Amino acid sequence: MRRETTGTIVAGMLKLDERIDLPDNSRVRVAVESLEEWRTRFKAGLKAWQQLRQDQPINSGGRRYTRDELHERH
């Protein structure tokens, strides 16, 4: 079972925002990442992708069909 959720650090302990459906004393693997860092990396990645899209637009060079050709019914 893999589950992602958010939580808050309170007095050095992780308090999850929602209950996880696992029995008590279950061993789990935990990866903790600050949401502020994630948002910063996400915004930087999005900005880089938008710049790449602007610098190197994709043009397939293929035929452009009209609406009637796309929706032609026999």
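Our structure's up above, just so we're on the same page.
Residues numbered from 1 in each chain as written. Predicted model: local features only at pLDDT ≥ 70, side-chain atom pairs only at ≥ 80, totals over all residues. Heavy atoms only, no water.

Our next topic: the pairing of strand 2 (residues 13-16). With 4 bridges joining them, strand 1 (residues 7-10) and strand 2 adopt antiparallel strand pairing. If you follow Val10 over to strand 2, its bridge partner there is Met13. Taking the residues between adjacent antiparallel strands as the criterion, strand 1 and strand 2 are bridged by 2 residues, where Ala11 takes a positive phi near 55°. (Pairing = 2+ DSSP bridges. Helix = DSSP H or I, 4+ residues; strand = E, 2+ residues; numbered from the N terminus.)

Next up on the list: unusual backbone geometry. Although it is not a glycine, Ala11 adopts a positive phi angle of roughly 55°. Looking at where Ala11 falls in the secondary structure, it is placed in the loop between strand 1 and strand 2. When its relative accessible area of 79% is taken as the criterion, Ala11 is described as exposed. A positive phi angle, close to 65°, is found at Asn25, a residue other than glycine. Considering the arrangement of structural elements, one finds Asn25 in the loop between strand 2 and helix 1 (35-55). (Buried < 20%, exposed > 50% of the residue type's maximum accessible area, 1.4 Å probe, protein only.)

All right, on to the packing of aromatic side chains then. Considering all chains together, one arrives at 1 aromatic pair under this definition. When the ring of Trp38 is compared with that of Phe42, the centres are 5.4 Å apart and the planes differ by 15°; the resulting orientation is stacked. One end of the pair is Trp38 and the other is Phe42, both in helix 1 and 4 residues apart, which spans about a single turn. (Phe/Tyr/Trp six-rings, centres within 6.5 Å; stacked < 30°, edge-to-face > 60°.)

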